[in-house]
Amino acid sequence: MQDKSPIKLLIIAELDGDISLEDRTYLYNWISKSEDNKRYYAQIKDLWEASLADVFGFVEVSKEWERFNNRIAARPKINKKKSIKITWYRVAAIIVIGLLIANLLIENFKTKDQSYYTAIAPTGSISQTILPDGTIIYLNSGTEIKYDTKSKEKQREVYVDGEAWFDVAKDKKKPFVVHTKYYNVRVLGTQFNVKNYKDDESIVTTLEEGSIQILGSDNLKLKETITLKPGEQISYNKTGHKVYKKNVDTQIFTSWRNNKLVFLEMTFGELVKLLERKYGVEIQVADSSILGEHYSGTIKNETIIEILNIIQHTHPITYKVEGQKIIIQKR
């Protein structure tokens, strides 16, 4: 039987966020080779999450996890300098997505008056969770949501940091409210997308089905409630302090949950952010003069290297990989 202890160490390092780009790529390649490997990864991830929950005082550490840790401690550690190197453009980013869907780390935070369930999608992955009321939520890369399990009796409340797509379960007696820093989204039951990354210039809400209301907050006073119809989008520009409402092709803004990204006339600076989130990599642009150039395209199952190669053939850029960083320069 194959000794999997080196793989265990790589999985733990990946879950802890302490893994090199080369080791991470080797791990994803190994996972993709068989269903047994995928199940093994899921098993170790479940044990890791159980131990993490104990760190925050939520559950007891299982005996199985203790035995696992003891076995790992007895094994020799991997020498990162001798880590197996592979050509990482062969590893499809879809692997990360498929492995992490429905495997969220959910934590229960309790205060005197509130109890929150927090769901997280790590950088470079997309995750899905279902709330107690049946609402389905997809979380984009680097997103965290908090669901107030002791919301006011008259409404359900969720707080979004990042980007999330909602399919809200209908309940006329308890409206569903999504909170952002600047405005709130109130619904009864519908499908919509909220993009609320801290480092983005705008907060954007896109409606696919049903109807939603945009309500002001302490940070943004609206003259009146704004109602959206299917195919409409509202955005708040944090710098210009302006609210915009327009008709859009919703697929452009919601297809990410199916591992497809469509972008139209996106600046290179915005595209870099998108690629960093999707693939979980760090990108440094050495020449800022190219940040304002515009790009259009679609990303489906392509890897980061394939995307960069396509851009390189159509625009005057070149790139190189140094450790865990991709450096892009003007050609």
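Residues numbered from 1 in each chain as written. Predicted model: local features only at pLDDT ≥ 70, side-chain atom pairs only at ≥ 80, totals over all residues. Heavy atoms only, no water.

Turning to the overall build of the protein, a few remarks are in order. Helix and strand content of the protein: eight helices and 19 strands. The long-range fraction of contacts in the protein, counting pairs at least 24 apart against all pairs at least 6 apart in sequence, stands at 51%. When the accessible surface of the protein is summed, it comes to about 17,800 Å², and 49% of that surface belongs to carbon and sulfur atoms. (Helix = DSSP H or I, 4+ residues; strand = E, 2+ residues; numbered from the N terminus. Contact = heavy atoms within 4.5 Å. Areas by Shrake-Rupley, 256 points an atom, 1.4 Å probe, with all protein chains shown as cover.)

Our focus in this paragraph is the confidence of the model for the protein. Considering every residue of the protein, the mean pLDDT works out to 77; 76% of them sit at 70 or more. Ignoring residues within four places in sequence, the model shows residues 53-65, a span with pLDDT below 50, making 17 contacts including any to other chains. In this model residues 75-113 is a low-confidence stretch, pLDDT under 50, and it forms 93 contacts with partners more than four residues away in sequence or in other chains. (pLDDT = per-residue confidence, 0-100.)

Tallied over the entire structure, the rule returns ten salt bridges. Note that Arg 277 is salt-bridged to Asp 200, the shortest N-O span being 2.8 Å. You can see Arg 277 sitting in helix H7 (residues 268-279) and its partner Asp 200 sitting in the loop between strand S9 (191-196) and strand S10 (202-209), a full 77 residues away along the chain. With respect to burial, Arg 277 and Asp 200 carry one shared label: buried. For Lys 325, the salt bridge is made with Glu 282, and the minimal N-O distance between the two is 3.9 Å. (Salt bridge = Lys/Arg side-chain N within 4 Å of Asp/Glu carboxyl O. Buried < 20%, exposed > 50% of the residue type's maximum accessible area, 1.4 Å probe, protein only.)

Further remarks concern the layout of surface pockets. Here the largest pocket defines a volume of roughly 1,100 Å³. Lining the largest pocket are 40 residues, with Lys 195, Val 204, Phe 253, Met 266 and Glu 270 positioned closest to its centre. Mapped onto the lining of the largest pocket, the elements with two or more residues apiece are S9, S10, strand S13 (232-237), strand S14 (242-247), helix H6 (250-254), strand S15 (261-267) and H7. Tallied by class, the residues present in the lining of the largest pocket amount to 15 nonpolar, 14 polar and eleven charged. (1 Å grid on protein atoms, 1.4 Å probe; cavity = no way out; pocket = protein on both sides within 12 Å on 5 of 7 lines; lining within 4 Å. Points joined across faces, edges and corners; volume = space filled by probe spheres on them. Nonpolar A, V, L, I, M, F, W, Y, C, P; charged D, E, K, R; others polar.)

The next subject is the packing of H7 against helix H8 (residues 304-314). Remark: H7 packs on H8, axes separated minimally by 11 Å, with the N-to-C direction vectors making an angle of 160°. When the interaxial angle is binned, H7 and H8 end up roughly antiparallel. Seen from above, H7 lies across H8 with right-handed handedness. Mapping the contact onto sequence places Phe 268, Leu 271, Leu 275 and Tyr 279 in H7 and Ile 304, Ile 307 and Ile 311 in H8. Grouping the constituent residues of the contact of H7 with H8 by class yields seven nonpolar, no polar and no charged. (Axes fitted to C-alpha atoms, helices over the stretch in contact; angles between N-to-C directions. Parallel < 35°, antiparallel > 145°, perpendicular 65-115°, else oblique. Left-handed = near helix turned anticlockwise from the far one by under 90°.)

Turning our eyes to something else, we now look at H8. Among the residues of H8, Ile 304, Ile 305, Ile 307, Leu 308, Ile 311 and Gln 312 are the ones counted as buried. Taken around the axis of H8, the buried residues stretch over an arc of 160°, which confines them to a single face. Exposed residues on H8 whose side chains face more than 90 degrees from its buried face are His 313 and Thr 314. The inward-facing, buried residues of H8 abut H7, strand S16 (282-285), strand S17 (294-299), strand S18 (317-322) and strand S19 (325-330). (Arc of directions from axis to C-beta.)

Right, let's get into the environment of Leu 274. Take Leu 274: it is sitting in helix H7. The class of Leu 274 is buried, set by a relative accessible area of 18%. The sequence separation of Leu 274 and Leu 261 amounts to 13 residues, and the corresponding C-alpha distance is 9.0 Å. Dropping the residues within four chain positions of it, Leu 274 is found in contact with Leu 261, Met 266 and Ile 299.

With that settled, consider the pairing of S9. Most of S9 is tucked away: five of the six residues are buried. Bridge count for strand S6 (residues 156-167) against S9 is six bridges, and the pairing is antiparallel. Counterpart to Gly 162 in the pairing with S9 is Asn 196. Counting the residues that bridge the hairpin from S9 to S10 gives five residues. (Pairing = 2+ DSSP bridges.)

On inspection of all chains with the given rule, the structure shows six aromatic pairs. Seen in terms of ring centroids, Phe 166 and Phe 192 are 5.0 Å apart; in terms of plane orientation they differ by 15°. Their pairing is stacked. Residue Phe 166 is found in strand S6, and its partner Phe 192 is found in strand S9; the two are separated by 26 residues along the sequence. Overall, Phe 192 belongs to the buried group, its relative accessible area being 0%. An aromatic cluster is built from Phe 166, Phe 176 and Phe 192, whose rings are joined through pairwise contacts. (Phe/Tyr/Trp six-rings, centres within 6.5 Å; stacked < 30°, edge-to-face > 60°.)

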